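Letter by letter, the chains look like this.
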Amino acid sequence: MTGMRKALLAGLLAALSVQAQALPAAAQTAREIMEKMDARDDGDNAVTNLEMTLIDKQGDTRVRRIVSYTKDKGRDMQRIMFFLEPADVRGTGFLTYDYYSGEKDDDQWLYLPELRKTKRIASSDKSGSFMGSDFSYVDMTRRVLDEWTYRILKEDEVRGAKVWVIEALPRDDTVRDRYGYDKSVIFVRQDIFLGVRAVHWLRDGGKLKYFDMKQVEQIDGIWMGTELDMKTTKGGETLHRTVMRFSNVRYNQALDDELFTVRRLEKGP
Amino acid sequence: MADIRDRIERGFEGLTAFLCRRRWWVVAATLAVAAGLASGMARLTIDTSNEGFLHPDDPTLAQYEEFKNQFGREDMILLAIEPADLFTDATLRKIKALHDELRDNVPHLNDIISLANARNTHGEGDRLVVDDLLAAWPETEAEIAALKDRVLANPLYRDRLVSRDARMTTIVLELDAFSGAGAGGVADALAGFDEPAKPVTRAKLTDAENRAAVETVRAIAAKYEAADFRLYMAGTPSVTEALKRAMQEDMRKFMGLALLTIGLCLLAMFRRIVGVVLPFLVVVLSFVSTMGAMGYMGTPIKLPTVILPSFLLAVSVGAAVHVLAIFFQQLRKEDDRAAAAIHAMGHSGLAIVMTSLTTAVGLGSFATAEVAPIADLGAYASLGVLLSLAYTIILLPPLLAIIPTRPHAAAPEGGGVFERLLDAVADFSTRHARAVVATGVVVIVVFVASAAQLRFSHDVLTWLPHDWPVYQATRKVDRDLRGSVVIEVIVDSGRENGLYDRELLVRLDGLARELEAWSEGDLFVGKATSVADILKEIHQALNENQPEFYRIPENEKLIPQEFLLFENSGSDDLQDVVDSSFSKARFTVKVPWRDTLELVPLLTHIQDRFPEVLGPGVAVTVTGITSLFSRTLYAAIHSAAKSYVIAFGAITLMMILLIGRIRLGLAAMLPNLAPIVIVMGMMWWVGIPLNMFTMLTGSIAIGLAVDDTIHFMHNFRRYFAQTGDVRAAVHSTLHTSGRAMLVTSIVLSVGFYIYLFSAMNNVFQFGLLTGSAIALALLALFLMGPALMVLLNPETAKKETGQ
């Protein structure tokens, strides 16, 4: 349903483009910037460890550890992930074929070790929570460029780096429903075309979500956020928050197609 | 004593003379002070929430706040739909359209659930379908039929989203728990990356925000309403909103009518405009000053506060009328307004101070009430009475001196209807003193017996006219969807992942089934749900939807994995029923709207049964609006008893002190007690319960009964000291103060009886009881006052008979 590789970029993918750096910033339209962000090399055949910390309103935290493998299939993407911790869900796995086109529902299989059964999950809802976090599946996926209209609001700085602040509006109600957002404002770094911050206006409940890439690293030549923060707020109050930390990130691993199968899913991590 | 009283009367005359000399200055200064106080009204806030019934530091409220903070609101707006045929393409489309329009337009909406987006987790062969119910639109007849079967087979929908007979469905709307939660501008939003320095303090949704939401739902519903698509709007927010609107409108309307009636009565009695304008001026100034003081003190206006103007009207008019009555009488003797004003104050000043003080003390006793608005009312009505006293003493005499008033031709002495009536009363009660007092005591005893059986009640729905849509809707939803309100229970395992404990989940599930079978009288539990139901649902879905798998899994290790699956299924419904560490579970019990008194047995049952079943180590907290109401009811009962005891004690003590003799002071309480006891006894007879409003009637009755008694005693002592003759003193008393009392009582009774025309049942009852209490207070005093004077002054009475 989603792309782990996209997870690395958490929602707002950017494109590192050497040519782009050469262009004068002012000469680009919002759409052009988003195209460059979309075209950025975000790596392939990746193996990653993910630590997900869920923080509730009371400040109580839960930590989940996951290992994930991703592989590109054209614009589509396959991913398999296994829970390592907490112990009571160890071995629970998800296999996803994530289709770029919004028209086609993703394929997802899950395996619960205690049930000893694989189930195929049918769902058309991409705006739901990803693994109980504040990230939704769409946050973890590459957005379809044409489904949104863009506008530069201003230029700004985030942690010392210059950014464009770009507003994205869904093209129609279908898109709005699928993403669950009325509007997004995305902060795109001008040097590496990476979306380092975003605010999403949720369609329901008057909530806002804040995405913040707190740590950016270059691994195997690819820029990625290694610490991602997403908080859901309402009326200025944080309702829930998720911190994702990536470690042991390795790109260009020899991941064969056999890895992304139900049989493999049932074997566990 | 007589000496002290003389000196006080001279003092009042001196003060009044001074005030009349500087009349313009005094008027200007007083009005300036009043304006200063009244300016506080700009800071007034309104709070008619259910939480507002309790003091902010009430532990019940803290529990409720904690609940709301964790799980959001539990008082939903229910929009029930009764279409000609629910499962048709046209109807489903209409429901979806209504759902979408509500979702997109209702302000402060936190969540909305209907058939259009109901969670639909089920198994289809080896597939696990996790979607909204209508995500894939049923296109054919067969698909619609399949949908119908699925909906009716789903225990989570039954009695919640769809009625058992499949004729009705509901859209459930949950409003925001906290105020100002709407999205701000883009600039505000973009500034939100940094954590706020200190935690945001949240105020509950304001009255205006609640109203906007309820009104929008109503307006949208009205567009969809049709003969084959009937809509019923129920749920606590709708009931509260209807009640508030009706109360405010009714009180405003009838306050105006009462003022008009009282004005006309005053005009008829005094036959002068000043006789109307001046008492009203005192009332208005006292009222705006008191409200201003509430504004400055940050005390919000609450539902029972609407009674404050009526109360001040009753008390202030009395004092002013007493002064005016004497003033006009004196004006006939000497055509000098200042002199007449000085005489009137010398005559009535002390009595007015005493009546105001006793009333203030009587009301002040309510300031300790556990029901917050009643406590506020006690404190501020008390303040209002004292302010009214100040305006009467300081402002009234200079104004009387300023405003040109011609004396009327003297009324024929003993010739008027009033005079003949007063003479007849005086003769009767002095001649049959023993019989009158004995009858009075018997009546009190009989009515105490009836009053003791009075039922307490807190059921705001019954205050509304029974033909109102929200009343009808609530009754219909209660019947067809088995309930419109909930009781919430928090089950705290006390440890992280405590809810992975299979045994605990099995017991929770058992409790739910047990409660659903519970009933007592016509009270039943419509539905009981908890996290156990979600687990059962997912377990069934993972097992090809076989009905026998609708249960808590046998394998305990499967529980966390099934929950993880659910969390990952895109539904955030788990956070509505458990906390994030899976230590606390929310257990929701749906019940029909009933008088809180009737819900108490169920609340008690839950309170007892849960710990019994769940065992030690599991903490159980019962909360929700229903629980708040129950606490309010308890507090009301407790407060009413306490306040009345304090009020009677304090007033008795003051009576003894004022009169200077214990026996006489105690005796004087008889005519004070009688009207309240009789009114309460009557309430039992006609089936009016003691509630927030009828309870307040007592405080008004005490205030006025005591006023009458003090005026009577005060004047009686004066005339008795002059003549040494009980009968003569009674006659003189009744012809002076008695006349004023009669005027006041008629005026106020009529004024309050105006409320009988209200469609609101509680306003009707309030008018009936208060009007009657005022009339009874006068009757009791006129009969028992003179009789008691005869009995308690036996020497002179005998002497008189001997003559």
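None of the values given here were measured: they were computed from a predicted structure.

## Observations regarding the overall build of chain B
(1) Moving on: The helix and strand tally for chain B stands at 26 helices and 12 strands.
(2) Moving on: Dimensions along the principal axes, computed over C-alpha positions, put chain B at roughly 110 × 55 × 55 Å.
(3) Moving on: Summing over all exposed atoms, chain B offers an accessible surface of approximately 30,300 Å²; the carbon and sulfur share of this is 60%.
(4) Moving on: One finds the centroid of the 70 positive side-chain charges in chain B at a distance of 11 Å from the centroid of its 86 negative side-chain charges.

## Description of the overall build of chain A
(1) Moving on: Helix and strand content of chain A: five helices and 13 strands.
(2) Moving on: The buried share of chain A, taken over its 269 residues, is 63%.
(3) Moving on: The contacts in chain A between residues at least 6 apart in sequence include a share of 54% that link residues at least 24 apart.
(4) Moving on: For chain A, the accessible surface area stands at approximately 9,900 Å², while carbon and sulfur atoms represent 45% of it.

## Some points on the pairing of strand β11 (residues 584-591) of chain B
Residues and elements named next belong to chain B.
(1) Moving on: Here β11 lies mainly inside the structure; eight of its eight residues are buried.
(2) Moving on: Of the two faces of β11, the one lined by K584, R586, T588 and K590 and the one lined by A585, F587, V589 and V591 are each fully buried.
(3) Moving on: Here strand β7 (residues 485-492) pairs with β11 via eight bridges, running antiparallel. Along β11, the bridge assignment pairs V489 with F587.
(4) Moving on: As paired elements, strand β10 (residues 527-529) and β11 share three bridges and run antiparallel to each other. Following the sheet pairing, K527 is matched in β11 by K590.

## Concerning the interface of chain A and chain B
(1) Moving on: In this complex, chain A contributes 57 residues to the contact, which on the side of chain B involves 49 residues.
(2) Moving on: When the buried surface of chain A facing chain B is broken down by residue, R62, E114 and K119 of chain A rank first, second and third, together holding 14% of it.
(3) Moving on: Measuring nitrogen to oxygen at the nearest pair gives 2.9 Å for the salt bridge that ties K119 of chain A to E544 of chain B.
(4) Moving on: Residue assignment for the side of chain A that touches chain B shows that the elements contributing at least two residues are β2 (61-73), β5 (107-112), β6 (117-122), β9 (181-189), β10 (195-202), β11 (208-219), β12 (222-234) and β13 (237-250) of chain A.
(5) Moving on: Looking at the side of chain A that touches chain B element by element, the count peaks at five residues for β6 of chain A.
(6) Moving on: Residue composition of the side of chain A that touches chain B, grouped by class: 22 nonpolar, 13 polar and 22 charged.
(7) Moving on: Bridge analysis of β6 of chain A against strand β4 (residues 127-132) of chain B gives three bridges, and the strand direction is parallel. Looking at β4 of chain B, one finds that R120 of chain A is bridged to R127 of chain B.

## Details of the sheet that holds strand β5 (residues 169-175) of chain B
Residues and elements named next belong to chain B.
(1) Moving on: Reading across from one edge, β2-β5-β1-β6 is the order of the four strands in this open sheet, with antiparallel pairing throughout. A single partner strand is all that each edge strand has here, and the edge strands are β2 (109-113) and β6 (229-234). Direction aside, the axes of adjacent strands within the sheet are offset by 20 degrees on average.
(2) Moving on: Of the pairings in the sheet, the one linking β2 to β5 comprises four bridges and is antiparallel in character. Its bridge partner lying in β5, I113 is registered against V172.
(3) Moving on: Here helix α7 (residues 207-224) sits on the sheet in contact with β1 (77-83), β5 and β6, set at roughly 165 degrees to β6.

## Considering the nonpolar core
(1) Moving on: F587, F610 and L614 of chain B are the most contacted members of the largest nonpolar core, which totals 287 residues.
(2) Moving on: Leaving out residues up to four positions away in the same chain, F610 of chain B has contacts with V489, V491, L511, L515, F587, G615 and V620 of chain B.

## Details of the confidence of the model for chain A
(1) Moving on: Looking at chain A, the pLDDT average stands at 83 and 89% of residues meet or exceed 70.
(2) Moving on: In the model, residues 1-24 of chain A has pLDDT below 50 throughout and makes 109 contacts with residues more than four positions away in sequence or in other chains.

## Considering helix α24 (residues 726-753) of chain B
Residue and element names in this part refer to chain B.
(1) Moving on: In a regular helix each residue adds 1.5 Å, so 28 residues correspond to 40 Å; α24 covers only 35 Å between its end C-alpha atoms and thus falls short of that length.
(2) Moving on: A large share of α24 lies buried, amounting to 21 of its 28 residues.
(3) Moving on: For α24, the side-chain oxygen to backbone nitrogen distance between the N-cap and R727 is 3.0 Å, and the N-cap itself is D725.

## Details of the sheet that holds β7 of chain B
Residue and element names in this part refer to chain B.
(1) Moving on: Pairing is antiparallel in the open sheet, where four strands are placed in the order β10-β11-β7-β12. What marks the edges here is a single partner per strand, and that holds for β10 and β12 (619-623). With direction set aside, neighbouring strand axes in the sheet form an average angle of 15 degrees.
(2) Moving on: Two strands pair when backbone bridges link them, and β7 and β12 are joined in this way by five bridges, in the antiparallel orientation. Bridging from a neighbouring strand, V491 pairs with V620 of β12.

## Structural notes on the pairing of β11 of chain A
Residues and elements named next belong to chain A.
(1) Moving on: Pairing between β10 and β11: five bridges, direction antiparallel. Directly across from A198, in β11, lies its bridge partner F211.
(2) Moving on: Where β10 hands over to β11, the hairpin turn is made up of five residues, of which G205 adopts a positive phi near 80 degrees.
(3) Moving on: With 11 bridges joining them, β11 and β12 adopt antiparallel strand pairing. Residue K209 lies in a different strand from β12, and its bridge partner there is T232.
(4) Moving on: The turn linking β11 back onto β12 is made up of two residues, and D220 within it adopts a positive phi angle of 50 degrees.

## Description of the packing of helix α22 (residues 662-686) of chain B against helix α25 (residues 761-792) of chain B
All names here are of chain B.
(1) Moving on: Here α22 crosses α25 at 150 degrees, and the two axes come no closer than 9 Å. Relative to α25, α22 is oriented roughly antiparallel. Crossing geometry of α22 relative to α25 is assigned as right-handed. Across the interface between the two elements, R663, L664, A667, L670, P671, A674, P675, I678, V679, M682 and M683 of α22 pack against L769, S772, A773, L776, A777, A780, L781, M784, L788, M789 and L792 of α25.
(2) Moving on: A breakdown of the residues in the contact of α22 with α25 according to their chemical character gives 20 nonpolar, one polar and one charged.

## Observations concerning the packing of aromatic side chains
Any two aromatic rings considered together are summarised by their centre-to-centre distance and by the angle between their planes.
(1) Moving on: A full pass over the atoms with the stated rule returns 23 aromatic pairs over all chains.
(2) Moving on: Taken together, a centroid distance of 4.9 Å and an interplanar angle of 85 degrees make the contact between W148 of chain A and Y179 of chain A edge-to-face. Residue W148 of chain A is located in strand β7 (residues 148-158), and its partner Y179 of chain A is located in helix α4 (residues 173-179); the two are separated by 31 residues in the primary sequence. Each of the two residues, W148 of chain A as well as Y179 of chain A, counts as buried.
(3) Moving on: Three or more aromatic residues joined by ring pairs form one cluster here, namely F187 and Y210 of chain A together with F193 of chain B.

## Some details on the pattern of salt bridges
(1) Moving on: Applying the stated criterion across every chain yields a total of 72 salt bridges over all chains.
(2) Moving on: The closest approach of N and O atoms between R120 of chain A and D107 of chain A, which form a salt bridge, is 2.8 Å. On the criterion of sequence distance, the pair formed by R120 of chain A in strand β6 and D107 of chain A in strand β5 is long-range, its members being 13 residues apart.
(3) Moving on: Among the salt bridges present, the one from E258 of chain A reaches R263 of chain A, with a minimum N-O distance of 2.5 Å.
(4) Moving on: Take E258 of chain A: its relative accessible area is 38%, and that puts it in the partly exposed class.
(5) Moving on: Salt bridges here are not isolated pairs; linked through shared partners, they connect D177 and R203 of chain A together with K96, D100, R103 and D104 of chain B.

## A closer look at the environment of I625 of chain B
Residues and elements named next belong to chain B.
(1) Moving on: For I625, the location among the structural elements is in helix α21 (residues 625-659).
(2) Moving on: For I625, a relative accessible area of 4% puts it in the buried group.
(3) Moving on: Beyond its immediate stretch of four places on either side in the chain, I625 contacts N50, Y64, E74, D75 and T236.

Thresholds applied
- Residues numbered from 1 in each chain as written.
- Chains lettered and ligands numbered in written order.
- Predicted model: local features only at pLDDT ≥ 70, side-chain atom pairs only at ≥ 80, totals over all residues.
- Heavy atoms only, no water.
- Helix = DSSP H or I, 4+ residues; strand = E, 2+ residues; numbered from the N terminus.
- Areas by Shrake-Rupley, 256 points an atom, 1.4 Å probe, with all protein chains shown as cover.
- Lys, Arg positive; Asp, Glu negative; His and termini not counted.
- Charge placed at Lys NZ, Arg CZ, Asp CG, Glu CD.
- Buried < 20%, exposed > 50% of the residue type's maximum accessible area, 1.4 Å probe, protein only.
- Contact = heavy atoms within 4.5 Å.
- Pairing = 2+ DSSP bridges.
- Buried area = accessible area lost by both parts, 1.4 Å probe.
- Salt bridge = Lys/Arg side-chain N within 4 Å of Asp/Glu carboxyl O.
- Nonpolar A, V, L, I, M, F, W, Y, C, P; charged D, E, K, R; others polar.
- Axes fitted to C-alpha atoms, helices over the stretch in contact; angles between N-to-C directions.
- Core = buried A, V, L, I, M, F, W, Y, C linked by side-chain atoms within 4.5 Å.
- pLDDT = per-residue confidence, 0-100.
- Expected span 1.5 Å × (residues − 1).
- Polar contact = N/O pair within 3.5 Å; in protein donor to acceptor, adjacent residues only side chain to side chain.
- Parallel < 35°, antiparallel > 145°, perpendicular 65-115°, else oblique.
- Left-handed = near helix turned anticlockwise from the far one by under 90°.
- Phe/Tyr/Trp six-rings, centres within 6.5 Å; stacked < 30°, edge-to-face > 60°.

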